[in-house]
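Chain residues, written in single-letter form:
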Amino acid sequence: GFPLISERLFSNSTKRVGAAIRTCLSASTTRTSNPLHLRSSLFRVPSRHFSCSDKTSSFQESIFVRMWNAYSQSLARRPLTTKATAAATIFFTSDSAAQYLTRQEGSEFSYNMSRALSGSFFGVVATGYMHVWWNFLERALGARLPLQTHRLTNTIVKVFVDQAFGAPFYIYSYYLVTNFLQQMSHNTEPDTKTPQQVLQKTHDKASEMLWPTMLKHWRLWPLVHSINFYFVPLHHRVLVQNLVLVFWSGYLSHLNHNSAKLLTPKEEIEETAKEMVRRRTASSDASSNKVDASAGAKTK
């Protein structure tokens, strides 16, 4: 589960901050000529450094704002394509970074292109899924718990439903899709020659890794989505998730390709207990050796 957000946590100051964030991110809804255009003074370079002529007005915005405006305009024209492109780029970059950071020391770095491409392909598939799933949640819960009057309750229920149903399917699909694509492109095992055999093998691995991964997933994502669903407009929520995925997708890739077994909480407790017993035994043996050595020295 995840910590239940209490109504008392949201003081008047928090509500004002949330209102300011929502106003910045959804400023587009008040502009008919450019529905997702953002011009916030928070990101502008002070105008006193420039003249007031029309020729230099375009340089008064920072690079960040110009990039944001380009993204917002693309999002308004092609929402799904824009989100999928961003996700594919993030997954590819994260997996490439994970490969380099987790390389074995003392050995030559070998880049696995198929691994990075399979992650990138999943980013495209997952974006389509999240786009449809979150729009469904917004409509289904918005009709029963309108944001204008039940924002906190709407957020809590939305996070619970997403983490109970949407997240497990997402994690399972990641392991299934990425492993299937990689094994089909580099299938060297004689017992998994057909696509059906490869699919069965990847299904078994995805099922094995699902719940241990979910226990790690629930330590981070309920909090992320609580903030995301409460403060951020619907059309920007996938972007917020993708920014966190810069790190999370790399971590998933590391789990997926790490030779060590992903332990369940019960197995972690058992391994910890074994390690404590091993250390205690080693400490006792060391103490006994010291006593024997001192006794031998006195005898001499």
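Computed from a predicted model, the values in this text were never measured in an experiment. (Residues numbered from 1 in each chain as written. Predicted model: local features only at pLDDT ≥ 70, side-chain atom pairs only at ≥ 80, totals over all residues. Heavy atoms only, no water.)

(A) Representation of the overall build of the protein. On a plain count of helices and strands, the protein comes out with nine helices and zero strands. Residues classed as buried in the protein amount to 36% of the 300 residues present. For the protein, the proportion of contacts with a sequence separation of at least 24, taken over those separated by at least 6, is 70%. (Helix = DSSP H or I, 4+ residues; strand = E, 2+ residues; numbered from the N terminus. Buried < 20%, exposed > 50% of the residue type's maximum accessible area, 1.4 Å probe, protein only. Contact = heavy atoms within 4.5 Å.)

(B) Up close: the packing of helix H5 (residues 147-185) against helix H8 (residues 234-257). Where H5 contacts H8, the axes come no closer than 12 Å and their chain directions differ by 50 degrees. One element, H5, and the other, H8, form an angle in the oblique class. In this structure, H5 meets H8 at a crossing whose hand is right-handed. Residue-level contacts link Lys158, Tyr170, Ile171, Tyr174, Tyr175, Thr178, Asn179 and Gln182 of H5 to Arg237, Leu245, Trp248, Ser249, Leu252, Ser253, Leu255, Asn256 and His257 of H8. When the residues that make up the contact of H5 with H8 are grouped by side-chain class, the tally is eight nonpolar, seven polar and two charged. (Axes fitted to C-alpha atoms, helices over the stretch in contact; angles between N-to-C directions. Parallel < 35°, antiparallel > 145°, perpendicular 65-115°, else oblique. Left-handed = near helix turned anticlockwise from the far one by under 90°. Nonpolar A, V, L, I, M, F, W, Y, C, P; charged D, E, K, R; others polar.)

(C) Expanded view of empty space enclosed by the protein. For the structure shown, the criterion picks out three cavities of 30 Å³ or more. In this structure, the largest cavity occupies an estimated 120 Å³ of space. Along the walls of the largest cavity sit 13 residues, with Met130, Tyr170, His217, His225 and Gln241 positioned nearest its centre. At the level of elements, helix H4 (113-144), H5, helix H7 (221-231) and H8 are the ones that each hand at least two residues to the lining of the largest cavity. Broken down by element, the lining of the largest cavity gets its largest block of residues, five residues, from H5. Counted by class, the lining of the largest cavity contains seven nonpolar, five polar and one charged residues. (1 Å grid on protein atoms, 1.4 Å probe; cavity = no way out; pocket = protein on both sides within 12 Å on 5 of 7 lines; lining within 4 Å. Points joined across faces, edges and corners; volume = space filled by probe spheres on them.)

(D) Just the packing of helix H6 (residues 195-217) against H8, in detail. Running from N to C, H6 and H8 point in directions that differ by 140 degrees, and their axes come no closer than 12 Å. With respect to H8, the axis of H6 lies oblique. Every pair of crossing elements has a handedness; the one defined by H6 and H8 is right-handed. Contacts between H6 and H8 pair Lys205, Met209, Thr213, Lys216 and His217 from the former with Trp248, Tyr251, Leu252, Leu255 and Asn256 from the latter. Grouping the amino acids of the contact of H6 with H8 by side-chain chemistry returns five nonpolar, three polar and two charged.

(E) Just the layout of surface pockets, in detail. Computed from the structure, the largest pocket encloses a volume of approximately 330 Å³. Taken together, 15 residues form the lining of the largest pocket, with Gln99, Thr102, Arg103, Arg115 and His257 sitting closest to its centre. Per-element accounting of the lining of the largest pocket gives the leading share, three residues, to H8.

(F) Layout of the pattern of salt bridges. Enumeration according to the criterion identifies three salt bridges in this entry. The salt bridge involving Asp95 is made with Arg115; its shortest N-O contact spans 3.1 Å. Here Arg115 lies in helix H4 and Asp95 lies in helix H3 (residues 79-101), a separation of 20 residues in the sequence. In this structure, Glu138 engages Lys158 in a salt bridge whose closest nitrogen and oxygen atoms are separated by 2.8 Å. Of this pair, Glu138 sits in helix H4 while Lys158 is found in helix H5, placing the two residues 20 residues apart along the sequence. By relative accessible area, Glu138 is classed as buried at 17%. In this structure, a network of salt bridges that share partners links the residues Glu138, Lys158 and Arg237. (Salt bridge = Lys/Arg side-chain N within 4 Å of Asp/Glu carboxyl O.)

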